[in-house]
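Each chain, letter by letter, is given below.
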Amino acid sequence: MATAAVDLDTRVHYLNAGYGIKSWLLTTDHKRIAILYMASITFFFLVGGIAAVLIRIHLIEPNGAIFEPGTYNKLFSMHGIFMVFFFMIPSIPAVLGNFLVPMMIGARDLAFPKLNLLSWYIFMVGGCLALYAVIWGGVDTGWTFYTPLSTTYANTNVLSAALGVFVSGFSSILTGLNFVVTIHKMRAPGMTWFRMPLFLWAMYATSIIQILGTPVVAITLVLVALERLFHVGVFDPAVGGDPILFQHLFWFYSHPAVYIMILPSMGVVSELVTCFSKKRIFGYSFIAFSSVAIAVISFLVWGHHMFVSGQSIYAGIVFSALSFLVAIPSAIKVFNWTATLYKGSVSYQAPMLYALGFIGLFTMGGLTGLFLATLATDTHLHDTYFVVGHFHYIMVGGAVMGYLGGIHFWWPKITGRLYPDGWARLAAAIIFIGFNLTFFPQYMVGYLGMPRRYAIYPPEFQVLNVMSSAGASILAVGYAIPLVYLIWSMRYGPVAGPNPWGAKGLEWETPSPPPTENFEEIPVVREEAYAYGE
Amino acid sequence: MADSHAGSALAHQFEDLEQQHDAADLGMWIFLATEVMFFGGLFAGYTIYRNLYEPGFAAGSHMLNVTIGAINTAVLICSSLTMALAVRAAQIGKRSSLLTCLILTIMLGLAFILIKLTLEWRHDYLEGFVPGLNFTFAGPNAKSVELFFCFYFTMTGVHALHMVVGVGVLGVLLAQAWKGRFGPERYNAVETAGLYWHFVDIVWIFLFPLLYLIGGRY
């Protein structure tokens, strides 16, 4: 509609409220910072993705198709480091969280806008340090940096990779800090805690983990660096140190970190499921409290990564029991989402396809987690492809699909444009098929005993590996398609109105794209969240 | 209400000064929680190894100078007093007291760092107590004594780094206070810096007994 298109060009909003590179690089507008992050993490996803492509091509042959074992070690290490620290952990918090938290809460910006910009710069410095490690020969310790390989024996770029992770951790901490203060102190009048959208509960729980967990991995990496530089010996048995102490300190953060990666996605799914069922979410307080419960319990289960490390069997028993416990709040969410769908007026646009995909694939990944939480079965499954399948079902089948669903859902709000939903649904279907073809064989081959992080494997596993690699090529196509039509839509997509989905939430009561100050007047909230059909 | 001319104390994202103050306060407390977790990793490692290697850790502790450590403790406690007075001065808008107290706090902080560098660490280096550089110990439990010193230097080093940052921040505040920036409507920065300073002080209160006073020398 011509008038709407003219309106988009003449109305002042956050995208045209200032031109030029300085207005972007020196912005303190949370919406622009979200876009800066979106560009950065997409780039780092490509870096990690290229490593994945090379790994899958290499694994077509039992003796390894392309690389030396040393190079293969570098590939899976860099895949893990970039995907975990420079894509997954920032993804939803830094992109969707930054954009939406102030809008959903009815505020003009986050509590500390300049700190927000600083977070992005810190993130970029960390990313550059990690890129330096990649370009100058790579790192081969795995993203887990286990000692004594990382401290003593590795002759790769451990220091710059660890420094990159260390620095980017502060970006995570400061973003979490910003969100917690904003949610506590800047809710609009009438926005009580239990009227907040569930995405905000998810972001709050995630932020608690970011704030309390990340400093521990930071100091751990400092100790690794000191040991590598000065041979000081905190983790070195020759001086009385213990390499398992590293594992405890590392996993104390890195287990909660996986919940940093999944909780925001669960928050997105809550928003999607309720909007595309046109029905108030079922069990609001259960979902809200389950987010907090996951954050709390997540700090108590780190030892399930160390069942075969030599830690005490009694510690193993306790960690196993607690790991079963942490599954319960996640299951509660799945039940509530399903109950929301029941008797809802369900529509199947692309965001909903991603949400439904999340529910199915996350459930599968979560159930396989129980195999790994059980001491007896984990003894056989630890360090096999079963683990690799498990966490990819959660992180890719779960978290990444939630991220894509959220990007599609809020794209009209962020850009003021609609994307072509036909192509989006096709891409979602391709991603779903490619994903399952890539990772389901990994469960099977892991169960049969194929170890992870090995450059070669016994020939009887070749068929499943080839299936997995074929799936990866389909998945890559699926990921490429949204890049094309989303960028296309920014220029040629139909102009979106304030609320193309008919969704409830304060962010939908602003124009698309919103003005820099978000709201002309701070809104007053008078109804419960998700007041559909009222 | 918000001033509309340049230099207004109220940032645009807040509705009123009270909200802005509460947000700054909560923000700094959360940051201090992250610092607790940061130092916590070191304290956890220290606790585990001290438990395993009591004699070595006691021997290492005896090699530290309690007198200098105690003087440094007193220096920091005094600096916390002057910092608290500085915060009060900023809140009531007494520029001269604020400047005096900030200068005193900075000087005490610098004194702590100087004492550490010149009297303690330099001495440790000359005596061969520095793991990774020149550690030599010709007694029993040499390996655990070396491990003790690993923790000693890492923990006091990380603490000293936080002091340096603190002194830097106070320097910036001093320059701003000199230009008359702070008053009853704008003192958040001094208050939050005060919180940070007190925290760094408290970390030292934990470090001093755990590093200097173990092993029952009296």
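Residues numbered from 1 in each chain as written. Chains lettered and ligands numbered in written order. Predicted model: local features only at pLDDT ≥ 70, side-chain atom pairs only at ≥ 80, totals over all residues.

*Asks:* Residues and numbers for the overall build of chain B, please.
*Replies:* If you tally the helices and strands in chain B, you get six helices and zero strands. Each helix and strand of chain B, placed in order from N terminus to C terminus, yields the pattern α-α-α-α-α-α. Overall, the C-alpha framework of chain B stretches about 70 × 30 × 30 Å when taken along its three principal axes. Contacts spanning at least 24 positions in sequence make up 77% of the contacts within chain B whose residues lie at least 6 apart. (Helix = DSSP H or I, 4+ residues; strand = E, 2+ residues; numbered from the N terminus. Contact = placed C-beta atoms within 7 Å.)

*Asks:* Any details on the interface of chain A and chain B? Residues and values, ideally.
*Replies:* If you look at the interface, chain A gives 30 residues, while chain B gives 27 residues. Put simply, the parts of the chain that give the side of chain A that touches chain B at least two residues each are α7 (158-185), α8 (198-230) and α9 (243-276) of chain A.

*Asks:* So what's going on with helix α1 (residues 17-52) of chain B? Which residues, and what values?
*Replies:* Every α-helix carries 3.6 residues per turn, so stepping three or four residues along brings you back to the same face. Between its terminal C-alpha atoms α1(B) stretches 52 Å, which fits the 52 Å expected from 36 residues at 1.5 Å a residue. Of all the bends in α1(B), the largest measures some 30° and sits at G40(B). (Expected span 1.5 Å × (residues − 1). Bend = angle between axes of the 7 residues up to and from the residue.)

*Asks:* Outline the nonpolar core, supporting the account with residue identities and numerical values.
*Replies:* Residue and element names in this part refer to chain A. In terms of nonpolar packing, the biggest core is built from 216 residues, with L200 and M261 touching the most fellow members. Here L200 is in contact with V101, M104, I105 and I183, once residues within four sequence places are set aside. Ranked by size, the runner-up nonpolar core spans 13 residues in total, among them Y385, Y443, M450 and F461. (Core = buried A, V, L, I, M, F, W, Y, C linked by C-beta atoms within 7 Å. Buried ≥ 20, exposed ≤ 12 C-beta atoms within 10 Å, placed from the backbone.)

*Asks:* A description of the environment of H21(B) should follow, citing residues and the corresponding values.
*Replies:* Residue and element names in this part refer to chain B. Tracing the chain through its elements places H21 in helix α1. A tally of 19 C-beta atoms within 10 Å means that H21 is categorised as partly exposed. A sequence separation of 168 residues divides H21 from A189, and the C-alpha atoms of the two residues are 9.4 Å apart.

*Asks:* Pulling in residues and values, what's your account of unusual backbone geometry?
*Replies:* Residue and element names in this part refer to chain A. Of the consecutive residues T147 and P148, the connecting peptide bond is found in the cis state with omega at -5°. The topology assignment puts P148 in the loop between α5 (113-135) and α6 (149-153). With omega at -10°, the peptide bond leading from S512 into P513 counts as cis. Residue placement: P513 occurs in the segment after α16 (462-492).

*Asks:* Give a description of the packing of helix α3 (residues 30-58) of chain A against α16(A) that names residues and reports values.
*Replies:* Residue and element names in this part refer to chain A. Packing of α3 against α16 leaves a shortest axis separation of 9 Å and a crossing angle of 150°. In terms of orientation, α3 lies roughly antiparallel with respect to α16. When the axes of α3 and α16 are compared, the crossing they make is left-handed. Here A52, V53, R56 and I57 of α3 lie close against α16, whose contacting residues are S468, S469, A472 and A476. Tallied by class, residues from the contact of α3 with α16 come to five nonpolar, two polar and one charged. (Axes fitted to C-alpha atoms, helices over the stretch in contact; angles between N-to-C directions. Parallel < 35°, antiparallel > 145°, perpendicular 65-115°, else oblique. Left-handed = near helix turned anticlockwise from the far one by under 90°. Nonpolar A, V, L, I, M, F, W, Y, C, P; charged D, E, K, R; others polar.)

*Asks:* How would you explain the packing of α8(A) against α1(B) if you had to name every residue and give the values?
*Replies:* Contact pair α8(A) / α1(B): the axes reach a minimum separation of 8 Å and the direction vectors enclose 40°. Taken as axis vectors, α8(A) and α1(B) run oblique relative to one another. You can see that α8(A) and α1(B) cross each other, and the crossing is right-handed. Touching I211(A), L212(A), P215(A), V216(A), A218(A), I219(A) and T220(A) of α8(A) are I30(B), A33(B), T34(B), M37(B), F38(B), G40(B), G41(B) and L42(B), all from α1(B). Of the residues assigned to the contact of α8(A) with α1(B), the class counts are eleven nonpolar, four polar and no charged.

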